[in-house]
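Inside the fold
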Amino acid sequence: MRLIPANRWALAFADLSLLMLGFVVLSFVRPAPPADGVDADVILPAIEFAWPASVLFEPREAMLTAIGREKASEVAGAAGTGARQISVSMTGRSDASARLDQWELSAARMAAFARGLKASGVDESAIVIGGQSQVIDDGPQHLIATIRTSSSVVAPANGTALASQITNDLEE
């Protein structure tokens, strides 16, 4: 009895083809957009302000000084009506007061600045308190306010949002 030669290379080729097909499919898979509804491909332009907390707040307190209220108005003016989000965060360490430890003082200062933004006309839903800052250090405390504008003005790199924006405009 004679065996028919098997084409073993065909099995290896099929495995390789399926593996490559899997990579092609994975290259088109996109991560889910963040919770706030922004497309993951969209890079939003951001304006960032940073000031020492010693200038914005009363010593060892969470009350805004006149300069602090002025800076909150400056951020609100820079945000205008197109702001989608204003993130307020703190870096560095502050001296604890008699009634507040370092964490409580930082949180109270962010909330005080957020109230200053609201008093300057910023919509409360656009203010995010306690966003993670890029700098973590043991230096003096700084307040960072980051303005992110509306995502509808920036198209993702692949152009799909721009095409859908144009399509939506034409339909209206």
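Here the structure is a predicted model, which is why all the values come from computation and not from measurement.

Re the packing of aromatic side chains
Throughout the structure, instances matching the rule amount to 2 aromatic pairs. For the ring pair Phe49 and Trp51, a centre distance of 5.5 Å and an interplane angle of 20 degrees mean the geometry is stacked. Residue classification places Phe49 among the buried residues on the basis of a relative accessible area of 14%. Judged by relative accessible area, Trp51 falls into the buried class, the value being 11%. Aromatic pair Trp51 and Phe113: ring centres 6.2 Å apart, planes at 45 degrees, arrangement tilted. Remark: Phe113 occurs in helix H4 (residues 102–119) and Trp51 occurs in strand E1 (residues 46–52); sequence separation between them is 62 residues. When sorted by exposure, Trp51 lands in the same class as Phe113, which is buried.

Things to note about the nonpolar core
Of all hydrophobic cores here, the largest spans 24 residues; its most connected members are Phe57, Val75, Phe113, Leu117 and Leu143. Of all the elements in the fold, those that place two or more residues in this core are E1, helix H2 (53–56), helix H3 (66–79), strand E2 (83–91), H4 and strand E4 (142–149). Per-element accounting of this core gives the leading share, 5 residues, to H4. Not counting the four nearest positions on each side in its chain, Phe113 is found in contact with Trp51, Leu56, Phe57, Leu64, Gly68, Lys71, Ala72, Val75, Val88, Leu143 and Ala145.

Section: the pattern of salt bridges
Enumeration over the complete set of coordinates arrives at 2 salt bridges. Residue Lys71 pairs with Glu74 through a salt bridge whose shortest N-O separation is 3.6 Å. Residue Lys71 and its partner Glu74 are located together in helix H3, separated by 3 residues, close to a single helical turn. You can call Glu74 partly exposed: its relative accessible area is 35%. A salt bridge links Glu124 to Lys118, with the nearest nitrogen and oxygen atoms 3.0 Å apart.

Thoughts on the packing of H3 against H4
Packing of H3 against H4 leaves a shortest axis separation of 8 Å and a crossing angle of 60 degrees. Relative to H4, the element H3 lies oblique. Crossing of H3 against H4: the hand is right-handed. Taken together, the residues of H4 that come into contact with H3 (itself represented by Gly68, Lys71, Ala72, Val75 and Ala76) are Phe113, Gly116 and Leu117. Considered class by class, the residues forming the contact of H3 with H4 number 5 nonpolar, 2 polar and 1 charged.

The rules behind these values
Residues numbered from 1 in each chain as written. Predicted model: local features only at pLDDT ≥ 70, side-chain atom pairs only at ≥ 80, totals over all residues. Heavy atoms only, no water. Phe/Tyr/Trp six-rings, centres within 6.5 Å; stacked < 30°, edge-to-face > 60°. Buried < 20%, exposed > 50% of the residue type's maximum accessible area, 1.4 Å probe, protein only. Helix = DSSP H or I, 4+ residues; strand = E, 2+ residues; numbered from the N terminus. Core = buried A, V, L, I, M, F, W, Y, C linked by side-chain atoms within 4.5 Å. Contact = heavy atoms within 4.5 Å. Salt bridge = Lys/Arg side-chain N within 4 Å of Asp/Glu carboxyl O. Axes fitted to C-alpha atoms, helices over the stretch in contact; angles between N-to-C directions. Parallel < 35°, antiparallel > 145°, perpendicular 65-115°, else oblique. Left-handed = near helix turned anticlockwise from the far one by under 90°. Nonpolar A, V, L, I, M, F, W, Y, C, P; charged D, E, K, R; others polar.

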